[in-house]
Amino acid sequence: MPTASTADSKLHLSPAERIQRRRLIFQDSLALLSLIAVTICIAVITYFFFNSFEKHRRVLEKRWFARGEIALASGHPADAVDDFRSALSFSSANTQYQMALAEALAASGRIDEAYAYFSTLHEAEPGNGYLNLQLARLAVQRKNPQQAIAYYQSALNGLWLSEGTERRRDIRLELARYLLSLDRFNDAQGQLLASEGNALDNPSALFAIANLLRQAQDPSDASTAFQRVERSRNANPADILASLLAESEIAATMGQYKRAAQALSRYMAKARQFPTAGTVVQKRAVEEQLDKYQRMLQLIPFYDLSPKQHIDRVLLAANIAHRRYASCAAQLGLENGPSQNLSSDDAASLSALGTQWTQLGSPNAHALAGNAPLQQRLQAWTNQAEILTASLCGAPTGDDALLLQLAQTPDKSE
Amino acid sequence: MSEPTANSAFNRAAAFIATEAPPATVAASVSHAPLTDAEIQRIAPTRGDRLFLVLSIFIGVLSGLLVVCFRMAIEWLRVLLLGSVPHPGQYRLLLAPMLVGLLLGAMVKYIFPQARGSGINQTKAALYVYNGYISFRTVVGKFITSALAIGSGHSLGPEDPSLQIGAGIASLIGRRLHLSRERLRLFAPVGAAAGLAAAFNAPISAILFVIEEVIGAWSAAVLGSIVLAAVSSVVVARAFWGSQPMFRVPAVTLRDNRELLAYATLGVVGGFAAVLFSRLLAVLRPWLRSRPDWTQMLQPAAAGLLVGCVGFFGFPQVMGAGYDTIDHAMHGQYLWHVLLALAILKILATTVSFSSGTPGGMFAPTLFIGAMLGASVGMFEKHFFPQLVGSVGTYGLVGMGVLFAGFLRVPLTSVFMVFELSGNYSIVLPVILANTIAYLIARSLQPVPIFEQLTLQDGLNLPSMEEAREETTLRIEDALHPLDGQVFAGSDPPAVIAAKLQQEKEDIALIRCAGNRWYVLPAADLAKITQATTGVSQPIEELLPEDRTPYLYPDLPLNETLAHFHRWPLLPIVNRAVSGLLEGVVSQADVLKCYQEHSHGHS
C-alpha cells in the first residue's frame, strides 16, 4: 500500500484523489487490524478447544488402558484386546499400549493377528529382543520351527534394556526346551552349555539347565551342573537335594555306583542339615536306594580289590546266579523234560546255560586263582543267567535284582 | 527492486502525516461512496498486489485455526455422540447417525442449502461461476453440518469441507477489503489450498491438488499466494498437532525389485476399486436426488441408519473419518480378510452417506479404502510370499495413493501425498508404478472423473481439469503452409513488383526488408504506392510504412496469430535459429480452417 506523499506526486493525483487515497489506506489499515484481532480471538478459542479435548483424550486413553490391564489380569484377553485397541486410538504411537495389545491378541488365541501385529512392530525395531522373543513364541504356536528358532536367535542377539544377561539365559533355556521338544538334542546341548556359563551364580537356573542337559542326553555335563548346584552357597535346599538325587541317578545309569552311593550319602547328610527340605517318604526311599547301592558295591568284583577278594566276589555272584537259575529251571519244570510253557528257543537257551555251568566244572577259588579267562567266563555266565532267568521267570529280587542291573550294563560297571 | 527499509518506511509515514491538510472545499467535495475498482486502480495501483500477498498469510493462519477447530469439533461430537470408542452392539451407533441425519436433512434443506456435498465442486463453482463468492453462511453451515455428520459416524471426511471453509474465509476477507473481482476470484483457490493443507498437514499435496483439480493450470499470478497460504496454515496446524505426518508410517523398504510386481497388483486392484466406487456414486446419487422432495430430508437419516447398522453389527471402524483405523491397518492390526471387508463396507457406506446429500468429504474415505485395500493386498501377499513382501504399512500407504489417483484422478497429487505422508523418497518406484496403473485403469473404464460427474449431476458445467490436461494445443505449424508466390526484396522498385503480381495473378506481395524483417503488401496498397511514385525508381522498402510483421515462430500457439490479422492479411512464419528464414505463411482462413478441422476431429 503506497503511503508516502512522494507516491502521490508520482501518480499525479488531484487533491480529492489524495484524500480518497488516504482514506483507503486508513480503511485498509483498520481492516488489517480488525483481521489481526479476529485472528487472535480465533486462536485463543482454538487453543482452549484443542486443550480441552487433549486433556479428555489423555483421560480416556488411560482409562481404556487400565480397563485392558484389568481384563487381561482377570483372564479376559478378548475384552483386553478391545480395550487396548481403544487406548491406542487415542495414543497410537504409545509403545506400551502396542505391546499390551499384541500380548492380549496372543493371549486370546488370535495367533495370526498377534503375529501380524508383532511383525509390524518388529519391522520398526528389528533389533528389539522382546519383539523377537514374542514372535518366536508365536512361531512356535504356528508350528513353524525354522522361523521360531530364527526369532529366538534374534532375541538372543537383540537389544534388552535391562537384565540383558538374565533374559538371554532364560531365552536360551526356552529355546533349549523347544529344541528338545523337536528332538534336536545336539542343538539343545549347545544352547544349554552356552547358558550354563551365564548361570554360575544362579543355582536355580543352573538346576534347570542341569535337568535340561539330562533330557538332552548329556549326562556327563548334566552331572557336572548338578554338582555345581550342590556346591553353590546360595542354592535352595530343595534344589540341592534334588541335584544330589539326580546326580546319583545319572551315576547309577553310567554304572558309577560308588559315585551314586556317595551322592545319596551326601543327600542324607544334607537332609539332616535341612530337616524341612524333602519328605519323610523321599528320605526313606533314598535310604533304601543307598542300601541297594552299598550292597551292589559289595557284589561288584572291582579290579582294584586284592585277587582273593576279586575271586570271592566273582564266585559269590556266580553262586547267587546259579541258585536263581536252578530255581527258575525248577519253576519251569525243566528237570522233568521239556516244558509246554516254554518256546523251543528259550528251552534251548536255558538248557545251554546249564550245560555251560557243567562245563565250568563247579568253579572254586582255587581253580579261579590266576585264571583270568575262567574268571571272565564265569562272570559272563552270571550275567547271562540273570538276564535269561529274568526274562523267563519274572523280575528278580534282592541280590539277583542287583546282579541283573549290573548284567544289563556290564561295560559301564565300575 | 530493493526492499524498503524500516527507516524509509518511517520517513514515508512521517511525510504522509506532515502533508498539508487539503483545503476545506476540496475535502467537502470528496465523495464518501465506496470507490470503484477503476478508482482504486487509479489512486493506488499497487494496492491489490501487496494486499494479495499479505492477506494470503492471514487466510492461511485463519484457515489453519478454523480447520483445527473443525477437527476438534468433530472429535468432541464423536465422543459425545458415539462414545469414546464405538464398539459393536451399542445402540447409540444406530441412533446417533440416524437422529443427526434427520437434523442435517432439515438444516441442509432450510438453513444451509450450500453446505450439501463435499465442497470441492462448490469451490470450483465459486471460482468459475460466482467470481470467487462464497457466503459466510455457507462457511458456517459447512462447519456445523460437516462436523455433526462426521462426528455422528456418517462415512465422510473433513478434508473437502476444510477446503471449502478455507475458500470461504478467503472469499470473506477479500470482500471485506473490497478487492477487485479478479482478485476475489483468485482468492478462492488460495483459501482452498490453505484449508486442505491444514487438514492434511501436507502443504505440497494441498498446493498440487488445488492446481491439479481446482485451477487446472500453473498460474504465476496465484501460485505465490497459494504457497504462502498453505505454508501459513500448516504452520498453525502443526503448532497444535505437531510436525509429525498425519499417519504414523512404518519403515518403508523395497526389499527386492520383484516386489514391484506386488505393487503392480495393488495398482490393478486399486484401479478396479476406484471404478466400482465411482460407478456406485454415479448411479446412486442421481437416483436419490430424483426421489420426491419430502424424501430428500429423510435421506441423511436413512443413510445414517445404514451406516449405523454396519457399525452395530461388527464394523464400527467404518463410521466417521476412520483415521485411527487407517493407522491400525498400516501397523498390521488386522488380517487381510478383515481389511478387505472394511474396504468393501467403506465403499458402500460412503456411497450411501455421500449420495444422501449429507455434508462431508470424500478424501478421508478414499484414503481409508485405499489403505485397507493396500494393507489387505500386502497382508495377503506377505502370507503367501513372505520372502517377497516387505512392510505391510508400505502397502497401506501406497494403497492410499492408488485410490487417490484412481478415484479422484489427481495422479501428481497422489504421488506427492504419499511422499509427504511417509517422509521417505525410497517409496517413489512403488508409488509411481501402482498409481499409474490405477489411474490408467480408472480412466479407461470410467472416462468421466467423479468430480465432473457430480457437477454434471448438479446441473453445472464446470471445466474438467483432467480433460484440460489432456487437451492438445494447436500450434502455428499446424496451419502453416509454404508461400505460393514469390518473395520480393526491399530494393525492388514498386513497378517491378506490381508487374510481377499482375503476371502471376497474385494479390499480396511478401517483401524481405532490411534487418531480416518482413512486410506484407496487398496489391491494392501497392497500386496506390505505384500511382504516387510514377516515374521514380525508388526501392519499395523506402516507400513502405515503418511497421513490420511480428516475429512468429512455428512452435507458438496458433491463437498468437489472431491478434495480428486486423493489420496483416498474411503472416510470415520464421525460423527461430536462422534469423529471417521463412518457414511458411498463415492467413486468417488457414487458422480458422485448422481450428474447424481440430474441432471436427474431436466431435
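From a predicted model like this one, the values you see are computed outputs, not experimental measurements.

Glancing now at the overall build of chain A. Along the backbone of chain A there are 19 helices and zero strands. Viewed in the frame of its principal axes, chain A has a C-alpha envelope of about 155 × 50 × 40 Å. Put simply, chain A has 414 residues, and 36% of those count as buried. A separation threshold of at least 6 residues defines the contact pool for chain A, and within that pool the share at least 24 residues apart is 51%.

Turning to the overall build of chain B, a few remarks are in order. On a plain count of helices and strands, chain B comes out with 26 helices and five strands. Considering only C-alpha atoms, chain B reaches an extent of 110 × 75 × 55 Å along its principal axes. Expressed as a percentage of contacts within chain B between residues at least 6 apart in sequence, the contacts between residues at least 24 apart total 79%.

Attention now moves to the nonpolar core. One broad rule of soluble globular proteins: the nonpolar side chains tend to lie buried together. Residues and elements named next belong to chain B. Counting 251 residues, the largest nonpolar core has Ala193 and Val210 as its most contacted members. At 19 residues, the largest contribution of residues to this core is made by helix H4 (residues 47-82). In this structure, Ala193 is in contact with Ala206, Ile207, Val210, Ile226, Ala229 and Ala230, ignoring residues within four places of it in sequence. Formed by 23 residues, the second largest nonpolar core is a distinct cluster that contains Leu521, Trp568, Leu570 and Val591.

Once the domains are mapped, chain B shows domain 1 (48-241), domain 2 (259-470) and domain 3 (476-602). For domain 1 of chain B versus domain 3 of chain B, the distance between C-alpha centres works out to 55 Å.

All names here are of chain B. Packing of helix H6 (residues 120-128) against helix H9 (residues 181-200) brings their axes to within 8 Å, and their N-to-C directions diverge by 155°. Relative to H9, the element H6 lies roughly antiparallel. Listed contacts from H9 to Thr123, Ala126 and Leu127 of H6 are Arg185, Ala188, Pro189 and Ala192. Tallied by class, the residues present in the contact of H6 with H9 amount to five nonpolar, one polar and one charged.

Before going further, it helps to examine the domain arrangement of chain A. All names here are of chain A. Here the domain parsing of chain A yields domain 1 (53-108), domain 2 (109-299) and domain 3 (307-408). Taking only C-alpha atoms into account, the centre of domain 1 sits 35 Å from that of domain 2. Counting residues at the interface gives six residues for domain 1, matched by 10 residues for domain 2. Residue composition of the side of domain 1 that touches domain 2, by class: four nonpolar, two polar and no charged.

Apart from glycine, the bulk of residues carry a negative phi angle, and the bulk of peptide bonds sit in the trans form. For Asp183 of chain A, which is not a glycine, the phi torsion comes out positive at approximately 65°. In this structure Asp183 of chain A comes out as exposed when scored by C-beta crowding, with 10 C-beta atoms within 10 Å. Positive phi, close to 60°, is recorded for Arg409 of chain B, a residue that is not glycine. Classification of Arg409 of chain B as buried rests on a count of 26 C-beta atoms within 10 Å.

What follows concerns helix H4 (residues 95-107) of chain A. Residue and element names in this part refer to chain A. In a regular helix each residue adds 1.5 Å, so 13 residues correspond to 18 Å; H4 covers 18 Å between its end C-alpha atoms and thus fits that length. On the buried face of H4, the contacting elements are helix H2 (15-73), helix H3 (77-90), helix H5 (111-124) and helix H6 (129-141). Looking one or two residues beyond H4, the residue adopting positive phi is Gly109, at roughly 80°.

Taken together, the contact between chain B and chain A spans 49 residues of the former and 42 residues of the latter. Sorting the residues of the side of chain B that touches chain A by element identifies helix H1 (6-18), helix H2 (24-29), helix H3 (37-43), H4, helix H8 (159-176), helix H14 (323-330) and helix H17 (392-408) of chain B as the ones contributing at least two each. Considered class by class, the residues forming the side of chain B that touches chain A number 31 nonpolar, 10 polar and eight charged.

Right, let's get into the pairing of strand S3 (residues 518-522) of chain B. All names here are of chain B. Burial runs high along S3: four of the five residues are buried. Pairing analysis gives five bridges linking strand S2 (residues 508-512) to S3, with the strands arranged antiparallel. Bridged to Ile508 within S3 is Pro522. Connecting S2 to the antiparallel partner S3 that follows it, the hairpin turn spans five residues, and Gly515 within it adopts a positive phi of roughly 70°.

Let's shift gears to the sheet that holds S2 of chain B. Residues and elements named next belong to chain B. Read across the open sheet, the three strands follow the order S1-S2-S3; overall the sheet is mixed. Every other strand in the sheet has two partners, leaving strand S1 (487-489) and S3 as the edge strands with one partner each. When the angles between neighbouring strand axes are averaged without regard to direction, this sheet yields 35°. Direction of pairing for S1 relative to S2: parallel, over a ladder of three bridges. From the neighbouring strand, Ala489 faces S2, where its bridge partner is Arg512.

Residue and element names in this part refer to chain B. Mean pLDDT over chain B: 85, with 90% of residues reaching 70 or higher. A low-confidence stretch, residues 1-24 (pLDDT under 50), is modelled with 15 contacts involving residues beyond four sequence positions or located in other chains. Across the predicted assembly, pTM comes out at 0.71 and ipTM at 0.74.

Here we come to the environment of Pro493 of chain B. All names here are of chain B. Relative to the helices and strands, Pro493 resides in the loop between S1 and helix H23 (494-504). The spatial distance from the C-alpha of Pro493 to the C-alpha of Ile540 is 5.2 Å, given a sequence separation of 47 residues. In this structure, Pro493 is in contact with Ser537, Gln538, Pro539 and Ile540, ignoring residues within four places of it in sequence.

All names here are of chain B. At a minimum axis separation of 10 Å, helix H5 (residues 92-111) and helix H7 (residues 136-151) run at an interaxial angle of 160°. In terms of their interaxial angle, H5 and H7 are classed as roughly antiparallel. Handedness of the crossing formed by H5 with H7: left-handed. Side by side, H5 and H7 meet where Val100, Leu103, Leu104, Met107, Val108 and Ile111 of the first sit next to Gly141, Thr145, Leu148 and Ala149 of the second. Along the lines of polarity and charge, the residues of the contact of H5 with H7 split into eight nonpolar, two polar and no charged.

Looking at chain A as a whole, the pLDDT averages 83, with 93% of positions reaching at least 70. Across chain A, element-level confidence peaks in H6 of chain A with a mean pLDDT of 92 and bottoms out in helix H1 (residues 5-11) of chain A with 56.

Mapped onto the elements, Tyr263 of chain B comes out in helix H12 (residues 259-289). Those residues in contact with Tyr263 of chain B, other than ones at most four positions away along the chain, are Val398, Pro430, Leu433 and Ala434 of chain B.

Cut-offs and rules
- Residues numbered from 1 in each chain as written.
- Chains lettered and ligands numbered in written order.
- Predicted model: local features only at pLDDT ≥ 70, side-chain atom pairs only at ≥ 80, totals over all residues.
- Helix = DSSP H or I, 4+ residues; strand = E, 2+ residues; numbered from the N terminus.
- Buried ≥ 20, exposed ≤ 12 C-beta atoms within 10 Å, placed from the backbone.
- Contact = placed C-beta atoms within 7 Å.
- Core = buried A, V, L, I, M, F, W, Y, C linked by C-beta atoms within 7 Å.
- Domains from an automatic or database assignment.
- Axes fitted to C-alpha atoms, helices over the stretch in contact; angles between N-to-C directions.
- Parallel < 35°, antiparallel > 145°, perpendicular 65-115°, else oblique.
- Nonpolar A, V, L, I, M, F, W, Y, C, P; charged D, E, K, R; others polar.
- Expected span 1.5 Å × (residues − 1).
- Pairing = 2+ DSSP bridges.
- pLDDT = per-residue confidence, 0-100.
- Left-handed = near helix turned anticlockwise from the far one by under 90°.

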